[in-house]
Amino acid sequence: VDEYLHLNFDFVITVCGNAKETCPIFGGSVKQHLHIGFEDPADAVGTESEVLEEFRTIRDEIKRDFKTFYTTYLK
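A brief look at the structure comes next. Bear in mind the structure is a predicted one, so any value in this text is a computation, not a measurement.

**Digging into the nonpolar core**
Next up, step 1: Counting residues in hydrophobic clusters, the biggest one holds five residues: Leu-34, Ile-36, Phe-38, Ile-58 and Phe-69.
Next up, step 2: At the level of elements, strand 2 (29-38) and helix 2 (48-74) are the ones that each hand at least two residues to this core.
Next up, step 3: Per-element tally for this core: the top contributor is strand 2, with three residues.
Next up, step 4: Apart from residues lying up to four places away in sequence, Ile-36 is in contact with Ile-13, Thr-14, Val-15, Asp-65, Phe-66 and Phe-69.

**Describing the packing of aromatic side chains**
Next up, step 1: Enumeration according to the criterion identifies five aromatic pairs in this entry.
Next up, step 2: Plain terms: the ring middles of Phe-11 and Tyr-73 are 5.4 Å apart, the flat faces sit at 70 degrees to each other, and that makes the pair edge-to-face. Placement of the pair is Phe-11 in strand 1 (residues 8-16) and Tyr-73 in helix 2, with a sequence separation of 62 residues.
Next up, step 3: For Phe-11, a relative accessible area of 22% puts it in the partly exposed group.
Next up, step 4: A relative accessible area of 38% means that Tyr-73 is categorised as partly exposed.

Reading guide: rules and limits
Residues numbered from 1 in each chain as written. Predicted model: local features only at pLDDT ≥ 70, side-chain atom pairs only at ≥ 80, totals over all residues. Heavy atoms only, no water. Core = buried A, V, L, I, M, F, W, Y, C linked by side-chain atoms within 4.5 Å. Buried < 20%, exposed > 50% of the residue type's maximum accessible area, 1.4 Å probe, protein only. Helix = DSSP H or I, 4+ residues; strand = E, 2+ residues; numbered from the N terminus. Contact = heavy atoms within 4.5 Å. Phe/Tyr/Trp six-rings, centres within 6.5 Å; stacked < 30°, edge-to-face > 60°.

Put into structure tokens, the structure is as follows:
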């Protein structure tokens, strides 16, 4: 992270489910910190098809939520 501290960012977005509580705040120049949390599909248990479905569900949630982010903040 230190190599990016000299750069300016409009957004820093954390995405893992517990990142908001456990990850340190990025200390660089950031206009806005956001948290868009998702469960980690690597934690899924079940048959191969059930685990695959969990990955697909999280993929779809990421697509949906970042589309919302885009239309809310960037458009």
